[in-house]
Amino acid sequence: MRVVQVPRAGGPLELVERNIPEPQPGWVRIKVEACGVCHSDSVVKEGLFPGIQYPRVPGHEVIGVVDAVGEGAKPWKSGQRVGVGWHGGNCGYCDHCRRGEFFACTVALLTTGISFDGGYAEYMVAPAIALASVPEDLSSAPSAPLMCAGVTTFNALRNSGARSGDLVAVLGIGGLGHLGVQFAARMGFKTVAIARGKDKEAFAKKLGAHYYIDSQASDPAAELNKLGGAQVVIATVTNADAMTAVLGGLAPNGVLMVIGAPANPLSVNPIPLLLGQLSVKGWYSGVSIDSQDTLNFSALHAVHSMNEVFPFERAVEAYDRMMSGKARFRVVLDVSAKA
Ligand SMILES: [Zn+2]
Ligand SMILES: [Zn+2]
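As a starting point, this report considers the structure included with it. (Residues numbered from 1 in each chain as written. Chains lettered and ligands numbered in written order. Predicted model: local features only at pLDDT ≥ 70, side-chain atom pairs only at ≥ 80, totals over all residues. Heavy atoms only, no water.)

1. Quick look at the overall build of the chain
Part 1: Across its full length, the chain holds eleven helices and 17 strands.
Part 2: Relative to a compact globule of 339 residues, whose C-alpha radius of gyration would be 20 Å, the chain shows 20 Å and is just as compact.
Part 3: Taken along the three principal axes of its C-alpha coordinates, the chain extends 60 × 45 × 40 Å.
Part 4: A buried classification covers 53% of the 339 residues belonging to the chain.
Part 5: In the chain, the proportion of contacts linking residues at least 24 apart, taken out of those at least 6 apart, comes to 65%. (Helix = DSSP H or I, 4+ residues; strand = E, 2+ residues; numbered from the N terminus. Rg over C-alpha atoms; globule rule 2.2 N^0.38 Å. Buried < 20%, exposed > 50% of the residue type's maximum accessible area, 1.4 Å probe, protein only. Contact = heavy atoms within 4.5 Å.)

Spelled out as structure tokens, the structure:
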């Protein structure tokens, strides 16, 4: 089979031939159909996490078909179409796992494409627990980003504490935000999109936003207050100052949910936090059942990731395009496409 691997931290992506892996007990083998190219793949490319073993195949937005099942890998069968996302597995018996906080597993937290080889490949193996069932009416390449960008925004929104009818703002309409706006509107929130520039307004409204705030032309906090204040702002941007700028627009007990990852620290003025009982909260994407819920919701409510699709052979170009920040909006490798 062919895989695209990172040979060493900081090394180039390279297309190489490997033997097709056999699934160990509790794991399944997947014939990959599509894999999204996510900014977090740079963790592998640049060696940003400690302990990554190289060569490593990145990719954690995978959709494919189960093709071999290891002993005891319940309940999966060959021929089922499945997705694999960021959360690749957890031990199930540490204190955090026993509290249901699987993302914080201290014994065997597995991350797809980081702890084990991911979806930039014709085949991959994954723990059975990491699999989400893909509904029939979602095609593979268009839906692959739902396995990371999708579940991250969907799961943050549904765990934000906002109730239907509440004012919910999505800060940034890029790879995460264009999905966040669609989910928020379809979940029944009064949905505000906040982005830079007037030109994005029509697009934001097409995605489902009821209001649009141009953060270049106006103070987003003041504009949110004119609408009554936001119960939740989902911050998808990678600029800490842009996040800070919306804090004053939260309603009492409002929550700033951080899912974008700025390189610089987020500095927060404590006074509005005290006076408004505000929270700043992070959100881990989700586990496999959260991904499965995301896929089902997307199929039911016509949420679509907008993608630039590349054939597998052009993975290097696809990765560079994603890193350029210019892609509209996600980048996907179509692995099953014939060259
Ligand atoms: Zn990702
Ligand atoms: Zn654990």
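That was the structure; now back to the text.
2. Structural notes on the packing of helix 4 (residues 149–158) against helix 5 (residues 177–186)
Part 1: Where helix 4 meets helix 5, the axes come as close as 9 Å, and the angle between the chain directions of the two elements is 40 degrees. As summarised for this structure, helix 4 and helix 5 are arranged oblique, according to the angle between their axes. Where helix 4 crosses over helix 5, the two elements pack in a sense that is right-handed. Contact residues: helix 4 offers Ala149, Gly150, Thr153, Phe154 and Leu157, while helix 5 offers Leu179, Gly180, Phe183 and Ala184. (Axes fitted to C-alpha atoms, helices over the stretch in contact; angles between N-to-C directions. Parallel < 35°, antiparallel > 145°, perpendicular 65-115°, else oblique. Left-handed = near helix turned anticlockwise from the far one by under 90°.)

3. Notes on a nonpolar patch on the surface
Part 1: Nonpolar side chains collect at one region of the surface, where Ile271, Leu274 and Leu275 lie side by side and expose about 360 Å² of accessible area between them.
Part 2: According to the relative accessible area criterion, isoleucine 271 is partly exposed, its value standing at 47%. (Patch = residues over 30% accessible without salt bridge, like charges linked within 9 Å, V, L, I, M, F, W, Y side chains within 5 Å. Areas by Shrake-Rupley, 256 points an atom, 1.4 Å probe, with all protein chains shown as cover. Salt bridge = Lys/Arg side-chain N within 4 Å of Asp/Glu carboxyl O.)

4. What about unusual backbone geometry?
Part 1: Residue proline 75 follows lysine 74 across a cis peptide bond; omega there is -5 degrees.
Part 2: Locating proline 75 in the fold gives a position in the loop between strand 4 (62–69) and strand 5 (81–84).
Part 3: Residue phenylalanine 329 is reached from arginine 328 by a cis peptide bond, and omega for that bond is -5 degrees.
Part 4: On the secondary structure map, phenylalanine 329 appears in the loop between helix 11 (315–324) and strand 17 (330–334).
Part 5: Positive phi, normally seen in glycine, also occurs at alanine 302, with a value near 50 degrees.

5. Side note on the coordination of the zinc ion (ligand 2)
Part 1: Those protein atoms acting as donors to the zinc ion (ligand 2) are Cys91 (SG), Cys94 (SG), Cys97 (SG) and Cys105 (SG), and they sit at 2.3 to 2.4 Å.
Part 2: Coordination at the zinc ion (ligand 2) is tetrahedral, judged from the four donor atoms that bind it and the angles of 105 to 119 degrees they form at the metal.
Part 3: Sequence positions of the residues that donate to the zinc ion (ligand 2) give the spacing C-x2-C-x2-C-x7-C. For the residue pair cysteine 91 and cysteine 94, the accessibility class agrees, reading buried in each case. (Donors = N, O, S within 2.8 Å, 3.2 Å for Na, K, Ca; no water. Tetrahedral: all angles 85-135°; square planar, octahedral: opposite > 155°, others 65-115°.)

6. Considering the coordination of the zinc ion (ligand 1)
Part 1: Every protein donor of the zinc ion (ligand 1) is accounted for by Cys38 (SG), His60 (NE2) and Cys148 (SG), and the metal-donor separations fall at 2.0 to 2.2 Å.
Part 2: Motif for the zinc ion (ligand 1), donor spacing along one chain: C-x21-H-x87-C. Residue cysteine 38 is found in the loop between strand 3 (27–37) and helix 1 (42–46), and its partner cysteine 148 is found in the loop between helix 3 (140–143) and helix 4; the two are separated by 110 residues along the sequence.
Part 3: By relative accessible area, cysteine 148 is classed as buried at 9%.

7. With respect to helix 4
Part 1: Counted residue by residue, helix 4 has nine buried out of ten residues, so it is predominantly covered.
Part 2: Within helix 4 the residues assigned to the buried category are Ala149, Gly150, Val151, Thr152, Thr153, Phe154, Asn155, Ala156 and Leu157.
Part 3: Check the buried side of helix 4 and you find it contacts strand 10 (167–171), helix 5, strand 13 (230–235), strand 14 (250–258), helix 10 (288–301) and strand 17.

8. A short note on helix 11
Part 1: Three or more residues of helix 11 are buried, namely Ala315, Ala318, Tyr319 and Met322. Projection of helix 11 onto a plane perpendicular to its axis shows the buried side chains occupying an angular sector of 100 degrees, all on one side. (Arc of directions from axis to C-beta.)

9. Overview of the packing of aromatic side chains
Part 1: Enumeration over the complete set of coordinates arrives at seven aromatic pairs.
Part 2: Look at phenylalanine 154 and phenylalanine 183: their rings are 5.3 Å apart centre to centre, the planes differ by 65 degrees, and that puts the pair in the edge-to-face class. Here phenylalanine 154, found in helix 4, pairs with phenylalanine 183, found in helix 5; they are 29 residues apart in sequence, far enough to count as distant. Residues phenylalanine 154 and phenylalanine 183 agree in their burial class; the two are buried.
Part 3: Each member of the aromatic cluster is reached from another via a ring pair, and the members are Phe154, Phe183 and Phe297. (Phe/Tyr/Trp six-rings, centres within 6.5 Å; stacked < 30°, edge-to-face > 60°.)

10. Examining the sheet that holds strand 11 (residues 190–195)
Adjacent strands of a sheet form backbone hydrogen bonds with each other and so pair up, either parallel or antiparallel.
Part 1: As summarised here, the arrangement of the six strands in space is 12-11-10-13-14-15, forming an open sheet in which the pairing is parallel. Lying at the two open borders of the sheet, with one neighbouring strand each, are strand 12 (211–214) and strand 15 (279–282). For this sheet, the mean angle separating the axes of adjacent strands, direction not counted, is 20 degrees.
Part 2: Where strand 11 meets strand 12, four bridges bridge the pair, whose relative direction is parallel. Within strand 12, the residue paired with alanine 193 across the bridge is tyrosine 212.
Part 3: This element, helix 5, spans strand 10 and strand 11 of the sheet and lies at about 170 degrees to strand 10. (Pairing = 2+ DSSP bridges.)

11. Considerations on the pattern of salt bridges
Part 1: A complete count under the given rule lists 16 salt bridges for this structure.
Part 2: Here arginine 18 and aspartate 117 are joined by a salt bridge, their closest N and O atoms 2.7 Å apart. Residue arginine 18 is located in the loop between strand 2 (14–17) and strand 3, and its partner aspartate 117 is located in the loop between strand 7 (110–111) and strand 8 (123–127); the two are separated by 99 residues in the primary sequence.
Part 3: Residue arginine 18 is classed as partly exposed on the basis of its relative accessible area of 24%.
Part 4: Aspartate 117 sits in the partly exposed class, given a relative accessible area of 22%.
Part 5: Between glutamate 308 and arginine 321 there is a salt bridge, and its shortest N-O distance comes to 2.7 Å. Taken as a pair, glutamate 308 in strand 16 (residues 307–311) and arginine 321 in helix 11 lie far apart in primary sequence, 13 residues in all.
Part 6: In this structure arginine 321 comes out as partly exposed when scored by relative accessible area, which is 28%.

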